[in-house]
Structure formats: structure tokens, C-alpha cells
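# Chains, contacts and geometry: an overview
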Amino acid sequence: MKAVTWTGINQLSVEDVPEPQILNDHDVILKVRRTTTCGSDLHLLSGYIPFMRAGDVIGHEFMGEVVEVGKAVRERKVGDRVVVASFVSCGNCWYCRQEMYSLCDNSNPNPGITEGLWGQSIGGCIGYSHAVGGYAGSHAEYVRVPYADVGSFVVPDGVSDDRALFASDAASTAFTGVDLGGVRPGDTVAVWGAGGVGQLAARISAIVGAAQVFVVDRLPERLEQARTHAGAETIDYTTTDVAAELRERTGGRGPDVCIEAVGMEAHAPGAHGVYDQVKQQLRLQTDRPTAVREAVMACRKGGSVFTLGVFASMVDKFPLGAIMNKGLTLRGAQVHGPRYIPRLLELMERDELVTEHLATHVMPLSEAPRGYELFKEKQDGCVRAVFTP
Ligand SMILES: NC(=O)c1ccc[n+]([C@@H]2O[C@H](COP(=O)([O-])OP(=O)(O)OC[C@H]3O[C@@H](n4cnc5c(N)ncnc54)[C@H](O)[C@@H]3O)[C@@H](O)[C@H]2O)c1
Ligand SMILES: [Zn+2]
Ligand SMILES: [Zn+2]
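Our subject in this report is the structure included herewith. Chains are numbered independently. Their residues run from 1 in the order of the written sequence. Throughout, the order in which chains and ligands are written sets their labels, letters from A for the former and numbers from 1 for the latter. Local features are withheld for residues below a pLDDT of 70 in this predicted model, meaning they are given only at 70 or higher, and side-chain atom pairs are given and counted only at 80 or more; totals for whole chains, interfaces and linings count all residues. Calculation of side-chain values draws on the structure's entire complement of heavy atoms; hydrogens and water are dropped beforehand.

## With respect to the coordination of the zinc ion (ligand 2)
Because no water is among the atoms considered, metal sites can look incomplete, with donors defined as N, O and S atoms within 2.8 Å of the metal, or 3.2 Å for Na, K and Ca. Here the zinc ion (ligand 2) is held by Cys38 (SG), His60 (NE2) and Asp169 (OD), and the distances to it run 2.0 to 2.3 Å. The motif formed by the donor residues of the zinc ion (ligand 2), counted along the single chain, is C-x21-H-x108-D. Of this pair, Cys38 sits in the loop between β3 (28-36) and α1 (39-45) while Asp169 sits in the loop between α5 (161-164) and α6 (170-180); the two residues are 131 residues apart in sequence, bridging distant segments of the chain. Exposure is judged per residue with a 1.4 Å probe applied to protein chains only, and the accessible area is read against the type maximum: over 50% gives exposed, under 20% gives buried, and values in between give partly exposed. Relative accessible area serves as the criterion here: at 3%, Cys38 is assigned to the buried category. Residue Asp169 is classed as buried on the basis of its relative accessible area, which comes to 6%. The secondary structure listing takes helices from DSSP runs of H or I that are at least 4 residues long and strands from runs of E that are at least 2 residues long, numbered from the N terminus.

## Quick word on the site of ligand 1
Not every one of the 33 residues close to ligand 1 is listed here, only the nearest: Gly39, Ser40, Asp217, His267 and Val335. Contacts described as polar in this section are N or O atom pairs within 3.5 Å, which, within protein, must combine one atom able to donate a hydrogen with one able to accept it, while residues neighboring in sequence count only if both atoms come from side chains. Within the backbone of Gly196, an N or O atom sits 3.2 Å from an oxygen atom of ligand 1. Relative to its free-state accessible area of 860 Å², ligand 1 is covered by the protein chains to the extent of 96%. Elements with a minimum of two residues in the shell around ligand 1: α1, α7 (196-207) and β12 (212-217). Of all the elements, α1 adds the most residues to the shell around ligand 1, at 4 residues. In this text, near means that some heavy atom of the residue lies within 4 Å of the molecule or strand in question. Per-residue accessibility takes into account occlusion by the displayed protein chains alone, with areas from the Shrake-Rupley method and a 1.4 Å probe.

## Focus on the coordination of the zinc ion (ligand 3)
Within the first shell, the zinc ion (ligand 3) binds the protein through Cys90 (SG), Cys93 (SG), Cys96 (SG) and Cys104 (SG), at distances of 2.3 to 2.4 Å. Any coordination sphere not matching a tetrahedral pattern (four donors, all angles between 85 and 135 degrees) or a square planar or octahedral pattern (four or six donors, opposite donors over 155 degrees apart, other angles between 65 and 115) is reported as irregular. Geometry at the zinc ion (ligand 3) is tetrahedral, judged from its 4 donor atoms and the angles of 103 to 117° they form at the metal. All donor residues of the zinc ion (ligand 3) come from one chain, and their arrangement in sequence is C-x2-C-x2-C-x7-C. Of the residues examined, Cys90 reaches a relative accessible area of 8% and is grouped as buried. For Cys96, a relative accessible area of 2% translates into the label buried.

## Looking at the side chain of Ser86
Relative to the assigned elements, Ser86 resides in the loop between β6 (81-84) and β7 (87-88). Look at Ser86 and you get buried, because its relative accessible area is 1%. A distance of 2.6 Å separates the side chain of Ser86 from the side chain of Asp169, its partner in a polar contact. Here Ser86 is in contact with His60, Cys125, Ile126, Ser168, Asp169 and Val335, once residues within four sequence places are set aside. Residue contacts follow a heavy-atom distance rule, with two residues in contact if any of their heavy atoms lie within 4.5 Å.

## Observations regarding helix α11 (residues 290-298)
In terms of burial, α11 is a largely internal element, 7 of the 9 residues being buried. Taken residue by residue, α11 has Thr290, Ala291, Val292, Arg293, Ala295, Val296 and Ala298 as its buried positions.

Keep in mind that these numbers describe shape and distance, not what the molecule does.
Following this line, the structure appears as C-alpha cells:
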């Protein structure tokens, strides 16, 4: 079958690879109908998450049709149209029972790498390097879905493939940040990053009752989408002091909840940006935490800052004093997909959550390298490239 493989830093190729097999009785095999780029893939592509091997199939946000079912699978049958959670969860360990699915104790067969980095390993993720399981990704004609009863969800008839696709990872990530970040009715929320994740975090904040929602980015077409589809107020960080502007627009107090959806390759104009970039390239820090720093400084006293953006390990010049003295709560998480996907599908069915506009570039799998180029360079207004194998 055809699949998109990582072949080296900033190199992708479309190759013939063996079709996936059922390896465990809880697996299903899915014929992929839609699979999309995610900001997280860019960190693999750029080599900042250095646990890829040449030939690994990438892709973790997808939906499709079940074509083969393992003997122990109870809830799925051949022909089901399903959306799949990006992280793999067993459903049975202590973490899964607390609905902290991306922290599953059983789904990462290579725990050593993340134990070394973070003290404990996290769960596995489809198509996301050997640090989180080495599972073959979804940018392929077929993909193996482990623990399919836990991680796959039948898409209601009224929800299109193009809409359901984003429940897999972008929307469930956004919901994770809104929920665990503690957004409450009446709150003011500010979101950094107007990619798929940030835009949906803004929209879901409004759905759960936030009274005022801001989105911060520099790309006009993305800010326009945040205004149109999330009803957000927008701020271009290249033209203003974001923290001052947020205070100005919130009666001097600042946002109650700040959600960072930018990650380790944040863009920063000026000297700070050069400093971070040089330190990251010399491997003196693994991440560029520009947007997290700004969120910490902008957040109201006693508020909460949530990092949805992916970070690998260590950063420099982090405003710990602001966290302590302003009484902030700082949290982060990888997506707990199965906790939110059923609710997202209901919202999608009622047209309360629409996602199709994110799919700015739809193309066959054979054109994936071009799709990634557009997505990475933010060319031609690309928000997400979607592949139709
Ligand atoms: N926690 C999770 O489980 C999870 C899941 C999916 C994605 N992610 C992460 O979320 C982040 C966003 O994902 P995405 O798919 O939306 O990516 P994306 O690349 O499409 O969007 C990132 C956006 O951030 C903007 N940006 C860059 N620097 C900024 C700054 N200093 N201030 C404000 N905005 C800035 C960019 O212009 C871009 O629009 C990535 O780091 C990704 O790895 C995490
Ligand atoms: Zn993702
Ligand atoms: Zn588990």
C-alpha cells in the first residue's frame, strides 16, 4: 500500500510499505478515508522530536472505515465509519479509568525514552515516533488501530467525513485544554495560536460559556477564521504588546484562562526570538517557549495557563516567579481523546461545532509532501492539508 514516510529531517516521501496486520485481538484495521496534518507533525519533520527512524509512517489525525476486526473487539464491526483518537489507550489501567487516556500505562511499548525525559512514560500515539510507541501512522491507505473498542468512535450519519476528521485530535486536544484549564461560564479566555488547535480551543471555550474569547497569532487568514468561526476577538502579536492589549480589553485584569496552542517552534520577532532559536539549535534548550512566557505574563492574578502546544523537555528564561507570585496554575496535557470525542460528535451533529473550514487544502495521499510544504510554510492560506488515500 502507499504511505507517507519520514525519510530524514524536512524530508517526506510516498512509498510502498507492507499493509498492516492484526497483531493483537483488540486491534481493528481501518481503511483511511481522511487523514490530516497537525502542528505536532512539524516537530517530527524538523527533527526537534528526534525519535524518528527513516521509513516511519507519520500521521495521527484520521477517520475511516473498519475493514478487519480482531477476535476480542466487541464494539466495532466491519463497515463501521469511525473517527479514531490519536493517542492509544488500553481503557483498563489506573490512568485510563481516571479518563487520563494519553497517560495510559499499557499503550507505549517503548517506555524507556519518555521515562528518561520526564521521570515516567506516557501512553503511545499513532504515527508519532518511537518515543511514544513507534506505531505506524495514518497517512496511509490502511492503518492498524490498537484497543479499538476504547479509541474508535462511530461517526453519526449526519456528520460528514470532513467534519468528523478533526474530532480525532485537533478538537479533542482543544477540549482537553478548555476543560482541564478550567474554563467556566462567564470567563475571559485568551488562546495563543490560530492553527486548528487554537481555533477550536477558542470555539469550545465559547461553547462551554466563556463570555469573551481572544485569539493571538500573526497570520491574517487564520485570525479571520478565528473571528468568523469561533466568534473570537483577535490580536496580531507582531503589531502590539499582547499582555498590555489583553489588560486593556479586559478592564485592566487580564484573561482568567490562557491557553497556549503554539508549541516548541514558536515564532518570536526581535532579540528574544533570536536568543531562543540559537539556544534551541545548539541544543542548550529543547524548546522555544515564547507563547507560554507571554501567556504567564498576560494571565490575570490567580488565573490558569494551559500548554496544549507540544514541548519536549527543557527551557530557559522561564518566568517561574510570575507563576508563584501571581498565584497562577500552570498545567499541560496531551490529548485525552476518548474523554471528549463522543461529546464532540454530538456538537458536530447539532452543527454547534464546524471544522470543515480548517481543511483549506484537500489532496490525494500522493501529494502529501506538497501538502506538508504548504502547511509548514503557512503558504497559500494553508491551515490544514487533508489527504484522501
Ligand atoms: N497536547 C496535544 O495533545 C496536542 C495535540 C495536537 C497538537 N498539539 C500542539 O498544538 C500546537 C498547535 O497545533 P496546530 O495544529 O494548531 O499547529 P499550527 O502550526 O497549525 O498552528 C500554530 C500557530 O501558532 C502561531 N504562532 C507561532 N508563534 C506564535 C506566537 N509567538 N504567539 C502566537 N501565535 C504563534 C502560528 O502562526 C500558527 O498559526 C502544536 O505545538 C502542536 O504540536 C498538541
Ligand atoms: Zn496532533
Ligand atoms: Zn490504559
